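Take a look at the letters that make up each chain.
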Amino acid sequence: MSILLWFSSDSDSEEDCESLATERKIIRDRSNPLDQPEKSFREYFKVSKEIFMYLLNIIEDEITTIKHSLAIPPIIMLAASLRFFAEGSYQKCVGNDRFIGMAQPTFSKSLTTILNIIEQEVCPKTIQFPSEEREMSEIKLAFYRKTGFPGVIGCVDRMHIKIIPPAHAIEHFFNNKSYHSINALMICDHNLTVRHIDAKNPGSYSDESIWNKNSLNKLLTQRQNKQQNSWLLGDAKYPLKPFLITPFKNEANITEQQLQFNEIHSRARSVAEKTIEIIKNTFRCLLGEKTLHYKPEKATQIVNVCVALHNLRIKHNIGSDELELPIDAKCDIPVIENNDDDASSIRNNIMKNIV
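About the criteria used
Residues numbered from 1 in each chain as written. Predicted model: local features only at pLDDT ≥ 70, side-chain atom pairs only at ≥ 80, totals over all residues. Heavy atoms only, no water. Helix = DSSP H or I, 4+ residues; strand = E, 2+ residues; numbered from the N terminus. Buried < 20%, exposed > 50% of the residue type's maximum accessible area, 1.4 Å probe, protein only. Contact = heavy atoms within 4.5 Å. Areas by Shrake-Rupley, 256 points an atom, 1.4 Å probe, with all protein chains shown as cover. Pairing = 2+ DSSP bridges. Axes fitted to C-alpha atoms, helices over the stretch in contact; angles between N-to-C directions. Parallel < 35°, antiparallel > 145°, perpendicular 65-115°, else oblique. Nonpolar A, V, L, I, M, F, W, Y, C, P; charged D, E, K, R; others polar. Core = buried A, V, L, I, M, F, W, Y, C linked by side-chain atoms within 4.5 Å. Polar contact = N/O pair within 3.5 Å; in protein donor to acceptor, adjacent residues only side chain to side chain. Expected span 1.5 Å × (residues − 1). Bend = angle between axes of the 7 residues up to and from the residue. Phe/Tyr/Trp six-rings, centres within 6.5 Å; stacked < 30°, edge-to-face > 60°. Salt bridge = Lys/Arg side-chain N within 4 Å of Asp/Glu carboxyl O.

1. What about the overall build of the protein chain?
Okay, step 1: Helix and strand counts for the protein chain come out as 13 helices and five strands.
Okay, step 2: Looking at the protein chain residue by residue over its 355 residues, the buried ones come to 52%.
Okay, step 3: Contacts spanning at least 24 positions in sequence make up 70% of the contacts within the protein chain whose residues lie at least 6 apart.
Okay, step 4: Summed over its atoms, the accessible surface of the protein chain is roughly 17100 Å², and 47% of this surface lies on carbon and sulfur atoms.

Given below as structure tokens:
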């Protein structure tokens, strides 16, 4: 069965229609998303059947432990939510299409349940910053082989997610691009996996201010004397720190060596831009042309869940060939001999080793 969602804007009058309610229930009871072939299933829901079943098992277990008033089966709740993440549409489907019979108010309640469960049970398991030395060494080596930049354990960037104007603190969410948004800070590794997400920030907040109050910044500040030759890469909007390397400012007195450093830095950092591009084009509810019609708190949940789904796709080799990195070449990563905590000295030493 071709499965489409009906997001009704005038659902109150429709819900009063007994025949339509009955028709929805019949279609819902007869629908099984897993009946679709694997290829069309992935195109439609943006996950494999294996990922779908992994999520469904978690959702079914959690729903049994909470008071769940909806009469919608968990499999349909999950399918409806995934379709929304994939398309982000609030419009009604064409009337004569076959669809999952779910009015918008019902879908909204269902989405809340799915978001709560995935954010609590799946996000912490799939979005993890590297902490073990072995894992960090693998990431460093992959970045170095691809770009020639040593010591990189991740790249920092941000993505603005458009939302409707919130009821409170509206001015804080109005960004410098003249629309309301949340500003999501993101860190990814060499293979497009998101290692950290902070999507609760209003759109008007600067990248630097978001980073300064971020929990990971505080953690890395505490670790910086113990964890040598490991750093994140960020663009010039972020503060230069011993564990966060930014490019040289493109001023009149910038040297040729600094320009070359900036080019290598930009090439390594571009993985973050690629990751954001893939996430938004896979889960189109986050695209700039869309607008999330939810409060900032729920929009944050949607971002977190979409990032977790993206990481599951990478783990299951769906779209993981977007950025190919060699894995067999042997190379020696230069050690940066520097005990000075001054970030400028560290950046200069890196530059001397790669330019």
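2. As for the sheet that holds strand β2 (residues 181–188)
Okay, step 1: Strand order in this open sheet of five strands is β3-β2-β1-β4-β5, and the pairing throughout is mixed. The open sheet has two edge strands with one neighbour each: β3 (194–202) and β5 (244–245).
Okay, step 2: Relative to β2, strand β1 (residues 152–162) runs antiparallel, the two being bridged by eight bridges. Across the sheet, lysine 162 pairs through a bridge with serine 181, a residue of β2.
Okay, step 3: Here helix α11 (residues 256–282) sits on the sheet and contacts β1, β2, β3, β4 (231–233) and β5; the angle it forms with β1, its principal contact strand, is near 45 degrees.

3. Observations concerning the packing of α11 against helix α12 (residues 296–315)
Okay, step 1: For the pair α11 and α12, the least separation of the axes is 10 Å and the interaxial angle reads 105 degrees. Considering the angle they form, α11 stands roughly perpendicular to α12. In this structure, α11 uses Thr275, Ile278, Ile279 and Thr282 to contact α12, whose residues at the interface are Val307, His310 and Arg313.
Okay, step 2: For the contact of α11 with α12, a count of residues per class yields three nonpolar, three polar and one charged.

4. Quick notes on the pairing of β2
Okay, step 1: Of all eight residues that make up β2, eight are buried, and the element is covered over most of its length.
Okay, step 2: Because side chains alternate across β2, one face comprises the buried residues Ser181, Asn183, Leu185 and Ile187, and the other comprises Ile182, Ala184, Met186 and Cys188, equally buried.
Okay, step 3: When β2 meets β3, the two strands line up antiparallel, connected through six bridges. Across the sheet, residue leucine 185 finds its bridge partner in β3, namely aspartate 198.
Okay, step 4: Joining the antiparallel neighbours β2 and β3 is a turn of five residues, in which leucine 192 adopts a positive phi near 80 degrees.

5. Here we look at the nonpolar core
Okay, step 1: Counting 81 residues, the largest nonpolar core has Phe85, Phe149, Ile302 and Val303 as the members making the most contacts within it.
Okay, step 2: The leading source of residues in this core is α12, at 10 residues.
Okay, step 3: If sequence neighbours within four positions are ignored, phenylalanine 85 has contacts with Leu111, Leu115, Phe283, Arg284, Cys285, Ile302, Val305, Cys306 and Leu309.
Okay, step 4: Ranked by size, the runner-up nonpolar core spans 14 residues in total, among them Val156, Leu216, Leu220 and Tyr238.

6. Observations regarding the side chain of histidine 196
Okay, step 1: Among the structural elements, histidine 196 can be located in strand β3.
Okay, step 2: Only 3.1 Å separates the side chain of histidine 196 from the side chain of asparagine 214, close enough to count as a polar contact.
Okay, step 3: Discounting residues that sit within four places of it in the chain, histidine 196 has contacts with Ile127, Leu185, Met186, Ile187, Asn214, Ser215 and Leu216.

7. Quick notes on the side chain of threonine 126
Okay, step 1: Relative to the assigned elements, threonine 126 resides in helix α7 (residues 123–126).
Okay, step 2: If sequence neighbours within four positions are ignored, threonine 126 has contacts with Val194, Ala308, Asn311 and Leu312.

8. Focus on α11
Okay, step 1: Here α11 is 27 residues long and its end C-alpha atoms lie 39 Å apart, about the 39 Å a rise of 1.5 Å per residue gives.
Okay, step 2: Residue alanine 268 marks the point of greatest curvature in α11, where the axis turns by about 35 degrees.

9. Regarding the packing of aromatic side chains
Okay, step 1: Per the stated rule, a full pass over the model turns up nine aromatic pairs.
Okay, step 2: When the centroid spacing of 5.2 Å and the interplanar angle of 80 degrees are considered together, the rings of tyrosine 44 and phenylalanine 45 count as edge-to-face. Assigned by exposure class, tyrosine 44 and phenylalanine 45 land together as buried.
Okay, step 3: On the basis of an interplanar angle of 75 degrees and a centroid distance of 5.3 Å, the ring pair of phenylalanine 248 and phenylalanine 261 is categorised as edge-to-face. Taken as a pair, phenylalanine 248 in the loop between β5 and α11 and phenylalanine 261 in helix α11 lie far apart in primary sequence, 13 residues in all.

10. Things to note about the environment of threonine 126
Okay, step 1: The exposure class assigned to threonine 126 is buried, which follows from its relative accessible area of 16%.
Okay, step 2: For the pair threonine 126 and histidine 196, spaced 70 residues apart in the sequence, the C-alpha separation amounts to 9.9 Å.

11. Digging into the pattern of salt bridges
Okay, step 1: Enumeration over the complete set of coordinates arrives at eight salt bridges.
Okay, step 2: Here glutamate 132 makes a salt bridge to arginine 134, at a shortest N to O gap of 3.9 Å.
Okay, step 3: Of the charged contacts in the structure, one is a salt bridge between aspartate 207 and arginine 158, with a shortest N-O distance of 3.5 Å. Remark: arginine 158 occurs in strand β1 and aspartate 207 occurs in helix α9 (residues 207–212); sequence separation between them is 49 residues.
Okay, step 4: Via salt bridges that share partners, Glu132, Arg134 and Glu138 belong to a single interconnected network.

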